[in-house]
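The chain contents come next:
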Amino acid sequence: MEAELAPHMTVPHDDPSAPELSVVVPMYNEEDVLPLFADRLRPVLDGMGVTYEVVAVDDGSKDNTALLVQKLRREWPQLRLICLRANSGHQAAISAGLGLATGHWMVTIDADLQDPPEVIAEMLDTARAEGADVVYGVRTDRSTDTVFKRQTAGLFYRLIRRLSGLDAPLDAGDFRLMSRATVEAALSLPEHNRVLRLTIPSLGFPSAEVGYRREARAAGESKYPLAKMLRLTADSITGFSVAPLRFATWFSLLGFLFATVLLAYVLGSWISGHTVSGWTSMMAVTVGFSAVQLLCLGILGEYVGRVFSGQQARPTFYVAYDSAAESQH
């Protein structure tokens, strides 16, 4: 089966037999950690006393991740496999899983065991007790991360909060519980390169927080190297803030004022009979203005690119296989 979902679409779920909880797990080359993750997750869900499904989204893995999930499905009927046709990225894989999940409540969690599955039960209890639509998993202890990772993560969250004005929780990644109303509202937004850790707070739905200690990755390698973190930062800033545009505007204004002063100086020198500065000073002014203009063009280009992508309305992922559809035949 091959299906395709646009980023703003979600599958309607009005089936009264739908599970109470869906756990969406994006996976990319996770064969080393997958058995450990399943051994931790299943006892937690089985002990919660609710009906559930686990939606494993294979994001175009190059290893045996999908094959291992299929093997686990033989003894774990609540496990469901969705395979994307190509690697579409972490955020797109989460969106795909949320759009196809059927639960009344949904949890997103990575398979690396840095976010403990045991916290899911506390999240659901908190949502019910406080009437919250969203419960964020907040990393209160990140001592297992490197100093560089902690510093850059803290800088990222503070920068985004300042530039966007969003009241997004600090140190809250993609480990969260959401009501179906929250998920449908988020997926209905017609935006590409969706960053859910900012999209969800921007909705303003009632929320709560649950703290936990972030563990070291149980096995395998990190799927968020520096290059992807920089891309995520760029998407976050350009997707939720016009501050860079204002930054370019201020640069342009300062450049205009400087040019006005320089022009007055040149005219004064010409009237008084003095010569203008030589080649070195002219080149310095030219290079300075060129640098500012290129910076402003780069910032504007980011926004033009997002508008262009939005006008194309291309899906951010393609679903090649869904084990749930197979079981219906």
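Cut-off values and rules
Residues numbered from 1 in each chain as written. Predicted model: local features only at pLDDT ≥ 70, side-chain atom pairs only at ≥ 80, totals over all residues. Heavy atoms only, no water. Helix = DSSP H or I, 4+ residues; strand = E, 2+ residues; numbered from the N terminus. Contact = heavy atoms within 4.5 Å. Areas by Shrake-Rupley, 256 points an atom, 1.4 Å probe, with all protein chains shown as cover. Polar contact = N/O pair within 3.5 Å; in protein donor to acceptor, adjacent residues only side chain to side chain. pLDDT = per-residue confidence, 0-100. Phe/Tyr/Trp six-rings, centres within 6.5 Å; stacked < 30°, edge-to-face > 60°. Salt bridge = Lys/Arg side-chain N within 4 Å of Asp/Glu carboxyl O. Buried < 20%, exposed > 50% of the residue type's maximum accessible area, 1.4 Å probe, protein only. Core = buried A, V, L, I, M, F, W, Y, C linked by side-chain atoms within 4.5 Å. Pairing = 2+ DSSP bridges. Right-handed = clockwise from strand over helix to strand, strands pointing away.

A. Fine view of the overall build of the chain. Secondary structure summary: the chain contains 11 helices and nine strands in total. A separation of at least 24 residues holds for 84% of the contacts in the chain among residues at least 6 apart in sequence. Working note: accessible area of the chain is about 16900 Å², and carbon and sulfur atoms make up 60% of it.

B. Seen up close, the side chain of Asp59. Counting through the fold element by element, Asp59 comes out in the loop between strand S3 (52-58) and helix H2 (65-73). Among the polar contacts listed, one links the side chain of Asp59 to the backbone nitrogen of Ser88, at a separation of 2.7 Å. Asp59 has contacts with Met27, Tyr28, Leu84, Ala86, Asn87, Ser88, Gly89, His90 and Ala93, leaving out every residue within four places of it along the chain.

C. Examining the confidence of the model for the chain more closely. For the chain, per-residue confidence averages 78 on the pLDDT scale, and residues scoring 70 or more make up 59% of the total. Note that pLDDT drops below 50 for residues 1-12; the model gives that stretch 37 contacts with residues more than four away or on any other chain.

D. A look at the environment of Arg85. The residue Arg85 is located in the loop between strand S4 (79-84) and helix H3 (90-100) in this model. Note: C-alpha distance between Arg85 and Gly60 (25 residues apart in sequence) is 6.1 Å.

E. Seen up close, the packing of aromatic side chains. In the structure shown here, the tally under the stated rule is one aromatic pair. A ring pair is formed by Phe175 and Tyr212, whose centres lie 5.5 Å apart and whose planes are at 80°; its orientation type is edge-to-face. Taken together, the positions of Phe175 in strand S7 (residues 172-179) and Tyr212 in strand S8 (residues 207-213) put the pair 37 residues apart, joining distant regions of the chain.

F. A look at the pattern of salt bridges. Tallied over the full model, the rule gives 10 salt bridges. Between Arg80 and Glu53 there is a salt bridge; the shortest N-O distance is 3.5 Å. Here Arg80, found in strand S4, pairs with Glu53, found in strand S3; they are 27 residues apart in sequence, far enough to count as distant. What makes Glu53 buried here is its relative accessible area of 9%. One salt bridge connects Asp115 with Arg214, and the closest N-O pair in it is separated by 3.2 Å. Taken together, the residues Asp115 in the loop between strand S5 (105-108) and helix H4 (119-130) and Arg214 in the loop between S8 and helix H8 (226-240) connect sequence positions 99 residues apart. Residue Asp115 is classed as buried on the basis of its relative accessible area, which comes to 3%. A network of salt bridges, in which partner residues are shared, links Glu53, Arg80 and Asp322.

G. Seen up close, the nonpolar core. Grouped together as the largest cluster of nonpolar side chains are 40 residues, with contacts concentrated most on Leu21, Val23, Phe37, Leu45, Val54 and Leu177. With six residues, the top contributor of residues to this core is helix H1 (residues 34-46). Beyond its immediate chain neighbours, meaning those up to four positions away, Leu21 contacts Leu45, Met48, Val50, Thr51, Tyr52, Glu53, Gly103, Trp105, Met106, Val107, Ile120 and Leu177. Val57, Leu98, Ala101 and Leu187 belong to the second-largest nonpolar core, a separate cluster that totals 23 residues.

H. Quick peek at the environment of Ile200. One can find Ile200 in helix H7 (residues 196-203). The buried category is assigned to Ile200, whose relative accessible area is 2%. When the C-alpha atoms of Ile200 and Ala185 are compared, they prove to be 8.9 Å apart, with 15 residues separating the residues in sequence. With sequence-adjacent residues up to four places away left out, Ile200 is seen in contact with Val134, Tyr136, Arg176, Met178, Thr182 and Ala186.

I. Representation of unusual backbone geometry. Of note, the phi angle at Asn29 is positive, near 55°, even though the residue is not glycine. Here Asn29 lies in the loop between strand S2 (21-27) and H1.

J. Broad picture of the side chain of Arg197. Looking at the element boundaries, Arg197 is found in helix H7. What makes Arg197 buried here is its relative accessible area of 12%.

K. Main features of H3. In terms of burial, H3 is largely enclosed, as 10 of its 11 residues are buried. Listed as buried for H3 are Gln91, Ala92, Ala93, Ile94, Ser95, Ala96, Gly97, Leu98, Gly99 and Leu100.

L. Representation of the pairing of S4 within the structure. Of all six residues that make up S4, six are buried, and the element is covered over most of its length. In this structure, S3 lies alongside S4, joined through five bridges in parallel fashion. Following the sheet pairing, Val54 is matched in S4 by Leu79. Of the crossover connections in this fold, the one passing from S3 over H2 to the parallel S4 is right-handed.

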